[in-house]
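What follows is the residue order along each chain.
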Protein chains: 2
Amino acid sequence: MIIDTYRKYGFNKIETPYAERIELLTSGEGGENEQLIFKILKRGDKLQLDKAEAIDDLVDLGLRYDLTVPLVRFYANNRSKLPYPFRSIQIGPVWRADRPQKGRFRQFHQCDIDIIGDSSILAEIQLILAASEVLQQIGFEEHTIRLNDRKILTGLADAANIKPEDHSTFFITLDKLDKIGLDGVKQECLNKGFNSKQVSIFFEAVHQIFTTASLSEQINLLPKSITEQVIISFQQIFQTVQDQLIGGASIKFDPTLVRGMGYYTGPIFEIESKGFGGAIAGGGRYDDMSGKYLSKPEPSCGISIGFERILSIIEDTNFEIPKKENRLAFLYPKNLSPNEFSELLSQAKYWREEGYIVTLTEQKKNTNKQLSQLSENGFGFFVKYGESELRKIQS
Amino acid sequence: MIIDTYRKYGFNKIETPYAERIELLTSGEGGENEQLIFKILKRGDKLQLDKAEAIDDLVDLGLRYDLTVPLVRFYANNRSKLPYPFRSIQIGPVWRADRPQKGRFRQFHQCDIDIIGDSSILAEIQLILAASEVLQQIGFEEHTIRLNDRKILTGLADAANIKPEDHSTFFITLDKLDKIGLDGVKQECLNKGFNSKQVSIFFEAVHQIFTTASLSEQINLLPKSITEQVIISFQQIFQTVQDQLIGGASIKFDPTLVRGMGYYTGPIFEIESKGFGGAIAGGGRYDDMSGKYLSKPEPSCGISIGFERILSIIEDTNFEIPKKENRLAFLYPKNLSPNEFSELLSQAKYWREEGYIVTLTEQKKNTNKQLSQLSENGFGFFVKYGESELRKIQS
């Protein structure tokens, strides 16, 4: 369903490898996630413990922490074969060892759409609208898109006299707003050496924006150091998305939105749903990343839906249970002869062709007890070997 | 499609983690695949290079090399919540570093169905028939099921005076028949210290079986040390499958079939397709494996389809191309105003709702050239911004 909707927006499904060369994953663009990489040992003769001076001498691959780095590497390797601009859908797992002390294997699934080769704001707009449509379809009728721009964030930090070289430290702390709250963030900023004036200027500006109703008035509050082009693009994205959103979706300007990854360069966005802690989707523009592989970087933009966060609401275990009305237990007696086996399988096949999910089940002595167990296990019907009658299991 | 077919046989989809604790993956049951595990470094404080005496001190997890080990671990952890017998479908990647010298990351996709808790031959029969049906559906009309039994293999080795403790060495070599041919296998057996009498007895027996037409005569050629129960079960599986196979599928007895994994205990099978080197599916019974986790092992049986082997035939890259007749390029002029953006998106939405895959594309000066490029890229139609007419792209 998700894929079908994305396809209608012109995105095409691709698959990228789950592991990449470790150098690609640790070039600084992944922000804090680079600390959370599952690293894979070299193999064969290349693995030499006695010659290793550091752990990294033993490692050549890492499991990907997102789908963006592999996408850009894939694009660079295959660009001659790909349409331009390139619009991709990826669904797949990513790994982050975010509780290293527990030794747990943390695997998430993400579904990303990206546009490589489109510098216009139509890229952002389409990504947000497509993801919003998908989220509505899978049951998140009411959700809010939080929109920001890395350049607005930078402008606000500049206005608070935070030096460019300290921005990333500041933003890493700001990014914890969801987890440790406003007071927590302010305190951590002070602990990290920002002075109280810097902190109060920044959060006063943010407060003003949050307590102002209209976008145009919010924009007026922004520092003049932010270029007009950034502002115009931001407004256009905001207004066009707002015009086009359907159902219970809405958009707001959130000047505190950071997004962890170091690779974002322009507009950034997250989608959150009422009663649901944390974002269910997020993304942004990352125009520089492909410059690592290509002589000239391609403008790029993407949005990612996090599946586990969504699925954790609707399912408890990983075991799927089909609908009762389709499930048929085909009961057969013990010790069938080969000919009877064939007959049994032919009869089962008949019911499958009638559309039922047919589970062959040896009949037990206490058939009533067995039927009530089958009912508990989700079977709606049974047929006995040699009989042509489909019977409903009384539940 | 594959999943739907398997579901009709009563299998339910589950997901298991991609990594397991390294001890589970290296307990000897994976045969040679245990040499090919991608090992994952410990994280955080547990990773101490200076205290490591061996590589294994640095490792706590490994990427799975098949779907069977994770399934059995999953079953043991969740059995109270699962139906009995438990019939599972899994689709997912596995990893084997089978060219360690190249440092490549080898990732395969497999689709497995398994039955845990059924000791009857109906398990083998259903698995084989379901997999055969799936293979037919995805285009492998003509395929052959090669059937053997680990106990027949053992009986033949016993009859050639190969000591029980040497069986596994012998079988590892025999398993290379596809790759190095009969002469190669015989030579390697001699190199490994088996004498020429052992080798000639074994391969003479095999030759006799291969040159005998009917199963009942083949069975008569087998050593008397093989129990009647093994023989009867084997015949029943063979005959019932033969009776039920549809289309161009066939079954044959192959006494040289080994299957690499150490965990198999009874019937084993592979499916091969004409003109296609190597097996496209394989499996067997592994009744003992769950004994590692449970006080009493559960009879278990499974079959695995290898996807890359199948997909490599039909696709060259990982990039999917949708059908031309559904694809519409929506051309828009440069420098649209915000209002025009909204109008553009509304128009695009209209065409999506009409069923088209709509790709927004900035109109270039040389529109004819652009249209011919769009045609090459798989677009069948275009619409211009502000026009309501759908036009076919002349190719």
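- Chain A is annotated in an unreviewed UniProt entry as Histidine--tRNA ligase from Thermoflavimicrobium daqui.
- In the Catalytic activity (unreviewed entry) part of its UniProt record, chain A is described as follows: "tRNA(His) + L-histidine + ATP = L-histidyl-tRNA(His) + AMP + diphosphate + H(+)".

**Re the overall build of chain A**
Then, in step 1: Secondary structure assignment for chain A yields 13 helices and 15 strands.
Then, in step 2: In summary, chain A has a C-alpha radius of gyration of 27 Å against a globular reference of 21 Å for 395 residues, an excess of more than 25%.
Then, in step 3: With respect to the three principal axes, the spread of C-alpha positions in chain A is 85 × 60 × 45 Å.
Then, in step 4: With 395 residues in all, chain A has 55% of them scored as buried.
Then, in step 5: Counting contacts in chain A only where the partners sit at least 6 residues apart, residues at least 24 apart contribute 66% of the total.
Then, in step 6: Working note: accessible area of chain A is about 17,700 Å², and carbon and sulfur atoms make up 46% of it.
Then, in step 7: A distance of 4 Å separates the average location of the 48 positive side-chain charges in chain A from that of its 53 negative side-chain charges.

**Brief notes about the sheet that holds strand S15 (residues 391-392) of chain B**
All names here are of chain B.
Then, in step 1: The mixed open sheet is built from four strands, whose spatial order is S13-S12-S14-S15. Only two strands of the sheet have a single partner each, and these edge strands are strand S13 (357-362) and S15.
Then, in step 2: Inspection of the sheet shows strand S12 (residues 327-332) paired to strand S14 (residues 381-384) by four bridges, in the parallel sense. What sits directly across from Phe330, in S14, is Val383.
Then, in step 3: The strands touched by helix H13 (residues 367-376) within the sheet are S12, S13 and S14, with S12 carrying the most contacts at an inclination of about 155°.

**Here we look at the nonpolar core**
Then, in step 1: Counting 79 residues, the largest nonpolar core has A:Tyr6, A:Phe202, A:Leu222, A:Val241, B:Phe330 and B:Leu344 as its most contacted members.
Then, in step 2: Here this core takes 11 residues from helix H4 (residues 121-137) of chain A, the largest share from any one element.
Then, in step 3: When residues no more than four places from it in sequence are discounted, the contact partners of B:Phe330 are B:Leu344, B:Gln347, B:Ala348, B:Trp351, B:Val358, B:Thr359, B:Leu360, B:Thr361, B:Val383, B:Lys384 and B:Tyr385.
Then, in step 4: Core analysis: the second largest hydrophobic core is formed by 78 residues, A:Trp351, B:Leu129, B:Ile237 and B:Phe238 among them.

**So, the packing of helix H5 (residues 150-159) of chain B against helix H6 (residues 167-174) of chain B**
Residue and element names in this part refer to chain B.
Then, in step 1: As a packed pair, H5 and H6 sit with axes 11 Å apart at the nearest point and diverge in direction by 110°. Compared by their axis directions, H5 and H6 come out roughly perpendicular. Of the residues in H6, those in contact with Leu153, Thr154, Ala157 and Asp158 of H5 are His167, Phe171 and Leu174.
Then, in step 2: When the residues that make up the contact of H5 with H6 are grouped by side-chain class, the tally is four nonpolar, two polar and one charged.

**Focus on the relation of the copies chain A and chain B**
Then, in step 1: The two copies are related by a screw motion: chain A maps onto chain B through a turn of 180° and a shift of 0.0 Å along the axis, at an RMSD of 0.1 Å. Taken together, the rotation angle and the small translation identify this as a two-fold axis. Distance from the rotation axis, computed per C-alpha, reaches its smallest value in chain A at A:Ile40: 2.3 Å.
Then, in step 2: A share of 100% of interface residues in chain A that are also interface residues in chain B marks the association as one of identical surfaces.

**Some words on the domain arrangement of chain A**
Accessible area lost when the parts come together is the quantity often used to give the size of an interface.
Then, in step 1: Domain boundaries in chain A define domain 1 (2-16 + 79-90 + 100-314) and domain 2 (324-392).
Then, in step 2: On a C-alpha basis, the centroid separation for the pair domain 1 of chain A and domain 2 of chain A is 53 Å.

**Points about the sheet that holds strand S6 (residues 107-116) of chain A**
Adjacent strands of a sheet form backbone hydrogen bonds with each other and so pair up, either parallel or antiparallel.
Residue and element names in this part refer to chain A.
Then, in step 1: The mixed open sheet is built from eight strands, whose spatial order is S1-S5-S6-S11-S10-S9-S7-S8. This sheet does not close on itself; its edge strands, each paired only once, are strand S1 (12-13) and strand S8 (248-253).
Then, in step 2: Against the sheet, helix H5 (residues 150-159) engages strand S7 (142-149), S8 and strand S9 (267-273), with an angle of about 60° to S7.

**Points about the pairing of S13(B)**
Residues and elements named next belong to chain B.
Then, in step 1: For S13, the buried fraction is high: five of the six residues fall into the buried class.
Then, in step 2: Across six bridges, the pairing between S12 and S13 is parallel. Paired with Phe330 across the strands is Leu360, a residue of S13.
Then, in step 3: One crossover worth recording links S12 to the parallel S13 by way of helix H12 (residues 338-353), and it is right-handed.

**Section: the pattern of salt bridges**
Between side chains of opposite charge, a pair can form as their charged atoms come close.
Then, in step 1: With the rule as written, the count across this model stands at 31 salt bridges over all chains.
Then, in step 2: A:Arg7 is the salt-bridge partner of A:Asp4, the closest N and O atoms lying 3.6 Å from each other. A residue pair is termed a helical-turn pair when its members lie 3 or 4 positions apart in one helix, as A:Asp4 and A:Arg7 do in helix H1 (residues 2-8) at three residues.
Then, in step 3: On the basis of relative accessibility, which here comes to 47%, the residue A:Asp4 falls in the partly exposed class.
Then, in step 4: On the basis of relative accessible area, A:Arg7 is assigned to the partly exposed category, the value being 22%.
Then, in step 5: Between B:Arg43 and B:Asp60 there is a salt bridge whose closest N-O contact spans 2.9 Å. Of this pair, B:Arg43 sits in the loop between strand S3 (39-41) and strand S4 (59-63) while B:Asp60 sits in strand S4, and the two are 17 residues apart along the sequence.

**A look at the side chain of B:Ser300**
Residue and element names in this part refer to chain B.
Then, in step 1: With respect to the helices, strands and loops of the structure, Ser300 is situated in strand S11 (residues 300-306).
Then, in step 2: The exposure class assigned to Ser300 is buried, which follows from its relative accessible area of 0%.
Then, in step 3: Within the local environment of Ser300, its side chain forms a polar contact with the backbone oxygen of Glu298, the two atoms lying 2.8 Å apart.
Then, in step 4: Excluding residues that lie within four positions of it along the chain, Ser300 makes contacts with Ile115, Ile116, Gly284, Arg285, Tyr286 and Asp287.

**Some remarks on unusual backbone geometry**
Then, in step 1: A cis amide bond, omega -5°, links A:Tyr84 with the succeeding residue A:Pro85.
Then, in step 2: Residue position: A:Pro85 is located in the loop between helix H3 (68-78) and strand S5 (86-95).
Then, in step 3: Look at B:Arg259: it is not a glycine, yet its phi comes out positive at around 60°.
Then, in step 4: Its place among the elements puts B:Arg259 in the loop between strand S8 (248-253) and strand S9 (267-273).

**Topic: the environment of B:Cys111**
Residue and element names in this part refer to chain B.
Then, in step 1: Looking at the element boundaries, Cys111 is found in strand S6 (residues 107-116).
Then, in step 2: Sequence separation between Cys111 and Ala131 is 20 residues; the distance between their C-alpha atoms is 9.8 Å.
Then, in step 3: Sequence-distant contacts of Cys111, defined by excluding residues within four places in its chain, comprise Ile2, Tyr6, Ile89, Gln90, Ile91, Ile303, Ser304, Ile305 and Phe307.

Criteria and thresholds
Throughout, residues of each chain are indexed from 1 in the direction in which the sequence is written. Written order decides the labels, with chains lettered from A and ligands numbered from 1. Given that this is a predicted model, residues contribute local features only at a pLDDT of at least 70 and side-chain atom pairs are listed and counted only at 80 or more, while totals for whole chains, interfaces and linings are drawn from all residues. Only heavy atoms go into the side-chain values, all of them from the structure, while hydrogens and water stay out. UniProt positions are given in the numbering used here, feature names are shortened, and annotations may be inferred rather than shown by experiment. Counting from the N terminus, the helices are the DSSP runs of H or I reaching at least four residues and the strands are the DSSP runs of E reaching at least two. Put simply, the radius of gyration uses C-alpha atoms, and a globule should come to 2.2 Å times the residue count raised to 0.38. Exposed residues in this analysis have more than 50% of their type's maximum accessible area, buried residues have under 20%, and partly exposed residues fall in between, with area computed by a 1.4 Å probe over protein chains only. In what follows, residue pairs with any heavy atoms lying within 4.5 Å of each other are defined as contacts. Accessible surface area values rest on a Shrake-Rupley calculation with a 1.4 Å probe, where residue burial reflects the displayed protein chains alone. Two residue types count as positive, namely Lys and Arg, and two as negative, namely Asp and Glu; His and chain ends fall outside the count. The atoms used to mark charge sites are NZ of Lys, CZ of Arg, CG of Asp and CD of Glu. A pair of strands is treated as paired once DSSP finds two or more bridges between them. To obtain an axis, a line is fitted to C-alpha atoms, over the contacting stretch when the element is a helix, and the angle between two such axes runs from 0 to 180 degrees between their N-to-C directions. Each nonpolar core is a collection of buried residues, namely Ala, Val, Leu, Ile, Met, Phe, Trp, Tyr and Cys, held together in the definition by side-chain atoms within 4.5 Å. Here the word oblique covers every angle except those under 35 degrees (roughly parallel), over 145 (roughly antiparallel) and from 65 to 115 (roughly perpendicular). Three categories are distinguished: nonpolar for Ala, Val, Leu, Ile, Met, Phe, Trp, Tyr, Cys and Pro, charged for Asp, Glu, Lys and Arg, and polar for the others, with Gly belonging to the last. Only residues with pLDDT of at least 70 in both copies count here: their C-alpha atoms drive the least-squares fit that superposes the copies. Domain start and stop points were drawn from an automatic or database domain assignment. When the strands point away from the viewer and the connection leading from the first strand across the helix to the second strand turns clockwise, the crossover is called right-handed. For salt bridges, the criterion is a side-chain nitrogen of Lys or Arg within 4 Å of an Asp or Glu carboxyl oxygen. Counting of polar contacts relies on pairs of N or O atoms within 3.5 Å, with two restrictions inside protein: one atom must be capable of donating a hydrogen and the other of accepting it, and residues adjacent in sequence are counted only when both atoms are side-chain atoms.

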